[in-house]
Amino acid sequence: MKPFTSVAVVVFSLVALVQLLRVTLGWEITVNGFFIPIWASVIACVVAATLAFMLWRETRT
């Protein structure tokens, strides 16, 4: 596995994990007075996990 690909897999996995933690623990996030809904973290978690999995799978072939 190339170093950049390894780093990308780790970063995407960490992002997915943090988003999953936000959903499960109910962390509220407000950016400049705008509330970020929990469903946005669900989407971000799925996207980040999918990207990490696709990169990881690509390196195995």
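Check the entry above for the structure.
Basis of the calculations
Residues numbered from 1 in each chain as written. Predicted model: local features only at pLDDT ≥ 70, side-chain atom pairs only at ≥ 80, totals over all residues. Heavy atoms only, no water. Helix = DSSP H or I, 4+ residues; strand = E, 2+ residues; numbered from the N terminus. Rg over C-alpha atoms; globule rule 2.2 N^0.38 Å. Buried < 20%, exposed > 50% of the residue type's maximum accessible area, 1.4 Å probe, protein only. Contact = heavy atoms within 4.5 Å. Phe/Tyr/Trp six-rings, centres within 6.5 Å; stacked < 30°, edge-to-face > 60°. Patch = residues over 30% accessible without salt bridge, like charges linked within 9 Å, V, L, I, M, F, W, Y side chains within 5 Å. Areas by Shrake-Rupley, 256 points an atom, 1.4 Å probe, with all protein chains shown as cover. Salt bridge = Lys/Arg side-chain N within 4 Å of Asp/Glu carboxyl O. Expected span 1.5 Å × (residues − 1). Axes fitted to C-alpha atoms, helices over the stretch in contact; angles between N-to-C directions. Parallel < 35°, antiparallel > 145°, perpendicular 65-115°, else oblique. Left-handed = near helix turned anticlockwise from the far one by under 90°. Nonpolar A, V, L, I, M, F, W, Y, C, P; charged D, E, K, R; others polar.

Points about the overall build of the protein
Phase 1: Check the secondary structure of the protein and you find two helices and two strands.
Phase 2: Taken over the C-alpha trace, the protein has a radius of gyration of 14 Å; the compact-globule value for 61 residues is 10 Å, which it surpasses by more than 25%.
Phase 3: Considering the protein as a whole, with its 61 residues, one finds that 16% of them fall into the buried category.
Phase 4: For the protein, the proportion of contacts with a sequence separation of at least 24, taken over those separated by at least 6, is 56%.

Some details on the packing of aromatic side chains
Phase 1: Scanning the model with the defined rule gives one aromatic pair in all.
Phase 2: Taken together, a centroid distance of 6.0 Å and an interplanar angle of 40 degrees make the contact between Phe 53 and Trp 56 tilted. Of this pair, Phe 53 and Trp 56 both sit in helix H2 (residues 38-60), three residues apart, which is roughly one turn of the helix.

Notes on a nonpolar patch on the surface
Phase 1: A cluster of nonpolar side chains, Val 10, Leu 14, Leu 17, Val 18, Leu 21, Leu 25 and Trp 27, forms an exposed patch at the surface whose accessible area comes to about 640 Å².
Phase 2: Here Trp 27 falls in the partly exposed class, since its relative accessible area comes to 41%.

Some thoughts on H2
Phase 1: Taking 1.5 Å per residue as the helical rise, H2 with its 23 residues ought to reach 33 Å, and the 34 Å between its terminal C-alpha atoms agrees with that figure.
Phase 2: For H2, the full list of buried residues reads Ser 41, Cys 45, Ala 48 and Ala 52.
Phase 3: If you follow the buried residues of H2, they end up packed against helix H1 (3-25).

Some points on the packing of H1 against H2
Phase 1: Following both chains from N to C, one finds H1 and H2 inclined at 155 degrees, their axes separated by 8 Å at the closest point. With respect to H2, the axis of H1 lies roughly antiparallel. Helix-helix and strand crossings are classified by hand; for H1 and H2 the assignment is left-handed. Facing H1, whose interface residues are Thr 5, Ala 8, Val 9, Phe 12, Ser 13, Val 15, Ala 16, Gln 19, Leu 20, Arg 22 and Val 23, H2 presents Ile 38, Ser 41, Val 42, Ala 44, Cys 45, Ala 48, Ala 49, Leu 51, Ala 52, Leu 55, Trp 56 and Thr 59.
Phase 2: Class assignment for the residues of the contact of H1 with H2 results in 17 nonpolar, five polar and one charged.

A few points about H1
Phase 1: Taking 1.5 Å as the rise per residue, H1 with 23 residues should run 33 Å; its terminal C-alpha atoms sit 33 Å apart, in good agreement.
Phase 2: For H1, the set of buried residues is Thr 5, Ala 8, Val 9, Ala 16, Gln 19 and Arg 22.
Phase 3: Remark: Gly 26 follows H1 within two positions and exhibits a positive phi of approximately 75 degrees.

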